[in-house]
Amino acid sequence: MVLFLTACGESVTFSPEIGDEKRYWVYAHTTRDVATNPETVMLSESLLHYKVEQTGDVLSLHVTPEHLQFSTGRSGFSSVDSSKRNPQIQTIFSAGFDVSLNSESGELTDFTARNREQWESFVKRGGQILMNSLQSTINAPGFIQSIPVKVGSEVQLTNFKGVPVTLTVQSVSEKAVFATMSSRGTEASKDTEASSVEQNVLEKQLFGQVEINRATGWLEQMLLVMNIPVEVYGKTKMTQFAFAMHPEDESVGTFAEIFYNTYYDDEQHWFDIFPLPEGQPTNEMLTAEDVLPYPRGMLLEEDAGFRLAYPTDIAKQQQIGRIAFRDVRGYIDGQPTKVKFSAPLDQQFIDEGMNVSAHIQPLGWQIERELNDLETVAAYVDYYNVSEARYNVPWTGGKTQTFQLGEITLTATLVTGTHNEYRLEYTNTANSRLALTVGGLQGQMSFPSDPNLPSWLAPSSKQMLSFLGNSVLQQNAIAVKLFSAPTEVTFTVHSQSETPSFSREVVFWDQAWFLSSAEMPPMGLVPSENYLFDAEDLAASSEQESTFDFNNDLHIATESPHNAVVALPYVWENVCQLSIDNTPNVNGHPLVWKPQPKTSNDVAGGPNKIEDNTTAYQLTTPDGIRRYFYDMEVTTRLSCEGTPSWEEMALAPSPFPWLIDVSKVVDFDHQQSVKQFISGYRIYNKHGEPLSPIDRYGKAVTVDDSPLSEALFDGTYIKMSGKISRIEHFKVEGEPLEKSFVTKLPPIKKG
């Protein structure tokens, strides 16, 4: 649908020339019975190529979907996935459509597929319903006449998609005009027939946001939501249609992520105000060596395309700027493929291991073969630095106050009828964001819903506007309840650089090959249920030193008088042995102190939780079955070679600083077990975080008695879960140590 607008003073005019073209990402979501029992009935995502074919009295456009995915209930279609392809739909859609509009009124006069033979056959077979859905997503890429370039200007659109609409100019920048659209009611006519028609119009509702390029008149972005009464099985039900139109370079990825994982909540929840961290921000900027240290990354297949994963060298809890992937290219046998890829701007993530990942989508028709043969993907990764600024401002209670926080203007207004509740309103900019940590305010805060959004919007539609809405049109609000009146408040603003601070081209390799290669950088580790450290150990073990006192700290932990457990720190376990002197026999077999798996915190007779960095030894029969004993005394000897300590090893420069070349480690024993190796070395990255050896699947090597040689890469290297900065080697000092202790296990009480 093209809008017909009347010029008013300075205006923006859409006057395309033959041959002009532009591409848009178009997303659509249809919810049936939105008022009582919402049900998603259609979801689509397409990359539409608009090309102007004719101007004058008739504006003709050639519109080609260069990428298309849609689902309707249990059925669906994908231009990429052969399992969701209908040959006839593919033939029709890939050829494109001819769209004609009246240049005077903006009325759609023709909508026809270029492959007319297949088109006519498809329509006869019931395909018109699908075509109607597609047609509703194809909007003209501009307003045919003009829009006033003046904030507050209103234009009445008497019949926009069958609804009377008011278009209001909200903001004007040097490059664009920002406006909202909303449906408006009219007085019902006294004429019965006219009244009936008017009532039908009033049942329809519309709300939207548009951004228009001032220089060309072409649309930059459109978000639109409509309520339309639809007859379903003889009953009229309200159907809500949500639509988003974005420029080619602003893909949002899989639109289903917005609608299937909706978290928009109209209810107002209160929680304690986030305190401001102590101390002043250091604004220590990350370097290319921190963010983009490696030329290689990992390629993973996913349902909707691929994921690019890249290991950084960033410390946990570090303030991180924006990371973006661009110019994605695929390669087969070292040669670039013709397949195009989209790297959505809003789908870059950093996981707990500080790895960066991005979803990419392959685009096109009939490209399964190229995707199956795909070997590597290359992309440029850009990093935008972020800085933090704090603004100390005086607070005057009971008044409306306005604060200028860098690029952000914040207004604090006392809520009518209260003496301690305020509404803080502000608008983030393209490069500045207000932080939720506030200094000087004691109380609670909440995030009220946007009052500018109509109440009839479904949560999924509100989520779309919240997620994709332009920052110029999205006013943010925070409600606060204060326990006491402050005199000074500190606000924090994070500002991002407008241009990339640095970039790097990265080549991403197949996941299996990447993880199994010694030369590829590690992606951290994937926890395995039998590995040495649990989550707490990984976070804190680098700071833990053994304070075990040989003479005083060994103790017996029991749940009853008839069993026993002792625990030794890992470092002492390497140099000590527990032996039973009086060797009492049970069923002909001597008792032993048997080490228990680290992952088992349910050791019979032991404490509720085995302490970190220790091994529990259970008094048991050799087969480990019997653990409760009666009427005996067990004399145990603890013998140690000396006192354990740690010695830092010199690190030789290496192009692969995550590898330990065992051939260069003095006195390295290839026959030692994995457990002996891990107990004998402490290895850290530059942030002091402990590293663990990993296997060919990216998981931490299981701590057991298997030979370490089985975990070596290329028979020579131990691969660690990060870049090695420091290695400490276990050593034994001093004279041998020895002590004995007696465990008394009483008889069963009689009676």
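Located above this text is the structure these notes cover.
So, here's what we can say about the structure. If you're wondering where the values come from, they're calculated on a predicted model, not measured in any experiment.

## Brief notes about the overall build of the protein chain
Argument step 1. Check the secondary structure of the protein chain and you find eleven helices and 45 strands.
Argument step 2. Looking at the protein chain residue by residue over its 751 residues, the buried ones come to 48%.
Argument step 3. Across the protein chain, contacts joining residues at least 24 apart in sequence account for 73% of those joining residues at least 6 apart.

## Some words on the sheet that holds strand β37 (residues 592-595)
Argument step 1. Pairing is antiparallel across the open sheet formed by three strands, whose spatial order is β33-β38-β37. Each having just a single partner strand, β33 (565-569) and β37 make up the two edges of the open sheet. Here the strands of the sheet are splayed against their neighbours by 35 degrees on average, with no regard to which way each runs.
Argument step 2. Taken together, the four bridges between β37 and strand β38 (residues 614-620) define a ladder with antiparallel strand orientation.

## What about the nonpolar core?
Argument step 1. Ranked by internal contacts, the top residues of the largest apolar core, which has 52 residues, are Tyr50, Leu167, Met181, Leu206, Val210, Leu219 and Met245.
Argument step 2. Ranked by the residues each element gives to this core, the list is headed by strand β4 (residues 58-72), at five residues.
Argument step 3. With near-sequence residues (within four places) excluded, Met245 lies in contact with Tyr24, Trp25, Val26, Tyr50, Asn139, Pro141, Leu219, Glu220, Gln221 and Met222.
Argument step 4. Residues Val80, Phe341, Met354 and Leu374 belong to the second largest nonpolar core, which totals 34 residues.

## What about the sheet that holds strand β40 (residues 643-649)?
Argument step 1. The antiparallel open sheet is built from three strands, whose spatial order is β40-β44-β42. Because the sheet does not close on itself, it has two edges, and the strands there are β40 and β42 (681-684). Pairs of neighbouring strands in the sheet enclose a mean axial angle of 25 degrees, with direction left out of account.
Argument step 2. Inspection of the sheet shows β42 paired to strand β44 (residues 726-733) by four bridges, in the antiparallel sense. Across the sheet, the residue bridging to Ile683 is Ile727, located in β44.

What counts, and at which threshold
Residues numbered from 1 in each chain as written. Predicted model: local features only at pLDDT ≥ 70, side-chain atom pairs only at ≥ 80, totals over all residues. Heavy atoms only, no water. Helix = DSSP H or I, 4+ residues; strand = E, 2+ residues; numbered from the N terminus. Buried < 20%, exposed > 50% of the residue type's maximum accessible area, 1.4 Å probe, protein only. Contact = heavy atoms within 4.5 Å. Pairing = 2+ DSSP bridges. Axes fitted to C-alpha atoms, helices over the stretch in contact; angles between N-to-C directions. Core = buried A, V, L, I, M, F, W, Y, C linked by side-chain atoms within 4.5 Å.

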